[in-house]
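Descriptive analysis of the structure
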Number of protein chains: 2
Amino acid sequence: MRARLEALSAGLEEMGCEALLVLAPSAEDTDLAPFLPGPAHIGECFLVLPRGGEPRLGFLTLMEREEAAGTGLALLTPDDLDISKLSSEMPEAGPFLARVWGKALELCGIAPGRVALAGHGPAGVIQGACSLLASHGWTWVPGNSLVFASRKRKEAPELAGIREAAGGACEAMRAVAALLASASHDGPGSELYLKGEPLTVARVRSEVARVFFQRGLEQPRGSILAPAEEGAVPHNSGTPGRVLRAGESFVVDLYPRGRLFADCTRTFCVGEPPEALARGHALVRAAVEEVHRRSVPGTRGWDLQEAVCGMFGEAGFPTPISEPGTTRGYVHNLGHGVGFDLHEFPTFKKASGGEGVLRAGDVFTIEPGLYEPEQGWGVRLEDLVHLGPDGLESLTPLPYDLDPRAYL
Amino acid sequence: MRARLEALSAGLEEMGCEALLVLAPSAEDTDLAPFLPGPAHIGECFLVLPRGGEPRLGFLTLMEREEAAGTGLALLTPDDLDISKLSSEMPEAGPFLARVWGKALELCGIAPGRVALAGHGPAGVIQGACSLLASHGWTWVPGNSLVFASRKRKEAPELAGIREAAGGACEAMRAVAALLASASHDGPGSELYLKGEPLTVARVRSEVARVFFQRGLEQPRGSILAPAEEGAVPHNSGTPGRVLRAGESFVVDLYPRGRLFADCTRTFCVGEPPEALARGHALVRAAVEEVHRRSVPGTRGWDLQEAVCGMFGEAGFPTPISEPGTTRGYVHNLGHGVGFDLHEFPTFKKASGGEGVLRAGDVFTIEPGLYEPEQGWGVRLEDLVHLGPDGLESLTPLPYDLDPRAYL
């Protein structure tokens, strides 16, 4: 935490800002949670970090005083902030919050000037409150990416949280493989049956939910369970009633959250895969393995994306580099950081500075894929990895095989 | 939906705005979801509603084209918005989004002018993008409360979604009561035992989670399971390892979400309640029943709050009216609307216009409570109700008793 606060203060200095203001609909906000020692059950709140100083947590209702005190942070209480009076005088959220934030900054010794703004909230209210404060001498500088950057390197308890979610993702993936492996069918193209019932996407989804429930994990962003033509479009989440078939691809992309997120994808095929699918799978697997080897501190994410585009391009597939906007072949980016948000730094995008360079402490995905909507198949293999002091560690150490039996 | 769009257009006219722009981190955003026919698995997106026109959904990645098409809305596709080019030219979120939103408004035939802004997102990015667009002639008007107001009256499928979540809350409450009723103890003040194990808050929490899992409901905001002194502070969520005891209050406040939220609270006491707790419970119950009777179309929420404060004040308890900021007695507001958000309109706050008046179609809570932190007890009873054409309907038709056996 100390290192993170110092990095933030350095960033504020570079931006010419006196303080950072983090707005949060709840203490679970992904820009606020990195400042807390653990989960806290607090509603609308905010954090003020004076440059070079200590963070203070502001909260709006006395009912939350015990939860707020439990964070161990210095507090700006509803009494400090004069909430009762302000809320009765100002029914509208924008003017009310402008007064509250202004008061909080003042209590932290910040005079009107440049303040970096991070966190999340209602767009119109934020815009309105910031405009009001701007007319009182406050200048707002976008600060979300500063906080985003500060949490690129994971602290030990954060890594533990990701590891826990990744363990759940692996268990769920094995449970999916077990379902698929125990299904019966009458050869290529025929429907899969489980205990006399057609095996649907919904049935697999409920198996995944069962594992996550037992582990206390949630799926706030859902999950992707996409057979054949549905899996050929990477973000198609799968139609519940769709019955799975032998010989088709089945993309399973799980991103559960405990305190933090994890993210893992495997692609299955029950029975003999068609030749094109088998070849696509072998190429994607080779790409994952190549990127594992190349992911060392100092590597740029974009360089890895270029390498994978090179591999797929040589094999005759279009890529985002050879055909920007393509919907067949390799159609997306290679990976993304994972943590409080499902997508955070490091980035694998072309236009990037330090946030696009892999460093020790980063947790990110490696997820090449190939997609053929016309042929009705898609393959994606996604590992979640931690770049540790002793090299790259996979947090999702599962087989890569299409055959679900390899996972048992 | 038609009535909602017309109400929005009328609101835009009143605000002198040409259009509404709703920003959303995902299609689940509570300001965006009310425009969709059902859940959609789409990431960052937005909606443009020209005054008097039809809404159009903008999305940023081609991978989501099928999910976006599934909404049935007119679309602004990544190609329409020139996403590939803009994202490669502009690595920073603020300037990138400013161009995207500007392009979207232009494609919808909106010339630079006054636009209402709603939805949610990263504070700094939104503020930055809006400032950029302001320098090109756009004027931003806070629009969250316009959308908020437009979803005060629930559409039939929304009511169905709330009803489903409320059914789960009731089942979970009965499951909690069953656990408590089957616990053994050695008289007032002694610990509760279940099958030889001390009965903890964590054990009850896992029973609640089991029911919600089976019903496909989540608890994105958690829940409150707060015994005695913990329940005496309304937002204390309960310490997992705390063992429950006979003769103490146990506040159980559940707010699961399916497509929409529900919200329900009961307070239990295993064994004989102390006199003060029994008296407090009887007063709270009388208040709930009185508010049920008074909740007719045209009633102001604040008038109901005043009535309840009157009842509790006469019984000798401080209230937010007699002692603003009190932490004993009646310490909160009487209720709130429930729907896409856990807290929405109608409001029961004093300073309110139409959003504080109960109307047919509203879904809201009635939740008086009494709290004595020094004595170590709290009581809250909360019903979720729908003001229908035939009067008030409770969506949480449970007993109010302290004795869990009454729920079996």
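Residues numbered from 1 in each chain as written. Chains lettered and ligands numbered in written order. Predicted model: local features only at pLDDT ≥ 70, side-chain atom pairs only at ≥ 80, totals over all residues. Heavy atoms only, no water.

Moving on, we come to the overall build of chain A. Within chain A, the secondary structure is distributed over 12 helices and 18 strands. Here the C-alpha radius of gyration of chain A, 24 Å, is about what a compact globule of 408 residues would show, namely 22 Å. When its C-alpha atoms are laid out on the principal axes, chain A stretches across 70 × 45 × 40 Å. Scored against the burial criterion, the 408 residues of chain A give a buried share of 58%. Considering only contacts within chain A whose residues lie at least 6 apart along the sequence, 66% involve residues at least 24 apart. As displayed, chain A has an accessible area near 15200 Å², and 52% of this comes from carbon and sulfur atoms. Each charge sign in chain A was given a centre, from 37 positive and 53 negative side chains, and these centres are 2 Å apart. (Helix = DSSP H or I, 4+ residues; strand = E, 2+ residues; numbered from the N terminus. Rg over C-alpha atoms; globule rule 2.2 N^0.38 Å. Buried < 20%, exposed > 50% of the residue type's maximum accessible area, 1.4 Å probe, protein only. Contact = heavy atoms within 4.5 Å. Areas by Shrake-Rupley, 256 points an atom, 1.4 Å probe, with all protein chains shown as cover. Lys, Arg positive; Asp, Glu negative; His and termini not counted. Charge placed at Lys NZ, Arg CZ, Asp CG, Glu CD.)

Okay, the packing of aromatic side chains next. All names here are of chain B. In the structure shown here, the tally under the stated rule is nine aromatic pairs over all chains. Taken together, a centroid distance of 5.8 Å and an interplanar angle of 55° make the contact between Phe 348 and Phe 364 tilted. Within this pair, whereas Phe 348 is found in the loop between strand E13 (344-347) and strand E14 (363-366), its partner Phe 364 is found in strand E14, the two being separated by 16 residues in sequence. Judged by relative accessible area, Phe 364 falls into the buried class, the value being 0%. (Phe/Tyr/Trp six-rings, centres within 6.5 Å; stacked < 30°, edge-to-face > 60°.)

With that settled, the discussion passes to the pattern of salt bridges. Opposite charge on two side chains lets them pair, provided their charged atoms get close. All names here are of chain A. With the rule as written, the count across this model stands at 48 salt bridges over all chains. Across the pair Arg 151 and Asp 341 runs a salt bridge whose closest N-O atoms are separated by 2.9 Å. Note that Arg 151 is positioned in the loop between helix H7 (144-150) and helix H8 (156-181) and Asp 341 in the loop between strand E12 (336-337) and strand E13 (344-347), a separation of 190 residues in sequence. Residue Arg 151 is classed as buried on the basis of its relative accessible area, which comes to 0%. (Salt bridge = Lys/Arg side-chain N within 4 Å of Asp/Glu carboxyl O.)

A separate point is the domain arrangement of chain A. All names here are of chain A. When the domains of chain A are assigned, the result is domain 1 (2-150) and domain 2 (156-407). With 12 residues of domain 1 at the contact, the number on the domain 2 side is eight residues. Interface area, domain 1 with domain 2, both sides summed: about 780 Å², of which 59% is carbon and sulfur. When residues of domain 1 are sorted by the area they lose upon contact with domain 2, Arg 4, Thr 30 and Phe 148 head the list and together hold 57% of the total. At the surface where domain 1 touches domain 2, the tally comes to one salt bridge. The shortest N-O distance in the salt bridge between Arg 4 and Glu 158 comes to 2.7 Å. On the surface where domain 1 and domain 2 come into contact, there are four residue pairs in polar contact (both at pLDDT 80 or more). Element by element, the count of residues in the side of domain 1 that touches domain 2 is highest for H7, at three residues. (Domains from an automatic or database assignment. Buried area = accessible area lost by both parts, 1.4 Å probe. Polar contact = N/O pair within 3.5 Å; in protein donor to acceptor, adjacent residues only side chain to side chain.)

At the interface, 51 residues of chain A touch 51 residues of chain B. Taking both sides of the interface into account, the surface hidden between chain A and chain B amounts to around 3900 Å²; carbon and sulfur atoms contribute 60%. Counting every contact that joins chain A to chain B gives zero salt bridges. Counting across the interface, chain A meets chain B through 19 residue pairs in polar contact (both at pLDDT 80 or more). At the level of elements, helix H2 (65-69), helix H4 (83-89), strand E5 (114-122), helix H6 (123-134), strand E6 (139-142), helix H9 (201-214) and strand E9 (223-227) of chain A are the ones that each hand at least two residues to the side of chain A that touches chain B. The element contributing the most residues to the side of chain A that touches chain B is H6(A), with seven residues.

All names here are of chain B. Both strand E17 (residues 383-388) and strand E18 (residues 391-394) contribute to a ladder of four bridges, which runs antiparallel. When the bridges of E18 are listed, Leu 387 appears paired with Leu 392. Counted along the chain from E17 to the antiparallel partner E18, the turn is two residues long. (Pairing = 2+ DSSP bridges.)

In this section: the side chain of Thr267(B). Residue and element names in this part refer to chain B. You can see Thr 267 is positioned in strand E11 (residues 264-268). For Thr 267, a relative accessible area of 0% puts it in the buried group. Polar contacts involving the side chain of Thr 267 include one to the main-chain carbonyl oxygen of Arg 380, which spans 2.7 Å. If sequence neighbours within four positions are ignored, Thr 267 has contacts with Ser 249, Phe 250, Val 251, Gly 378, Val 379, Arg 380, Leu 381, Asp 401 and Leu 402.

Bringing the relation of the copies chain A and chain B into the picture now. Rotating chain A by 180° and moving it 0.0 Å along the rotation axis overlays it on chain B with an RMSD of 0.0 Å. Read as a symmetry element, the transformation amounts to a two-fold axis. (Least-squares fit on C-alpha atoms with pLDDT ≥ 70 in both.)

A separate point is unusual backbone geometry. In this model, Phe345(A) is joined to Pro346(A) through a cis peptide bond whose omega is 5°. Here Pro346(A) is to be found in strand E13. Not every positive phi belongs to a glycine, and Ala228(B) is a case in point at roughly 40°. If you trace the backbone, Ala228(B) turns up in helix H10 (residues 228-231).

With that settled, consider the packing of H8(A) against H9(A). All names here are of chain A. For the pair H8 and H9, the least separation of the axes is 9 Å and the interaxial angle reads 145°. Crossing hand, H8 versus H9: right-handed. Listed contacts from H9 to Gly 168, Ala 169, Glu 171, Ala 172, Ala 175, Val 176 and Leu 179 of H8 are Arg 203, Val 204, Glu 207, Val 208, Arg 210, Val 211 and Phe 212. Across the contact of H8 with H9, the residue classes tally to nine nonpolar, one polar and four charged. (Axes fitted to C-alpha atoms, helices over the stretch in contact; angles between N-to-C directions. Left-handed = near helix turned anticlockwise from the far one by under 90°. Nonpolar A, V, L, I, M, F, W, Y, C, P; charged D, E, K, R; others polar.)

All names here are of chain B. Pairing is antiparallel across the open sheet formed by three strands, whose spatial order is E9-E10-E11. Whereas interior strands pair on both sides, the edge strands pair on one side only; in this sheet they are strand E9 (223-227) and E11. For this sheet the average axis-to-axis angle between neighbouring strands, irrespective of direction, equals 10°. Where E9 meets strand E10 (residues 250-254), five bridges bridge the pair, whose relative direction is antiparallel. Opposite Ala 226, over in E10, you have Val 251 as the bridge partner. Across the sheet, helix H8 (residues 156-181) touches E10 and E11, and the angle it forms with E11 is around 10°.

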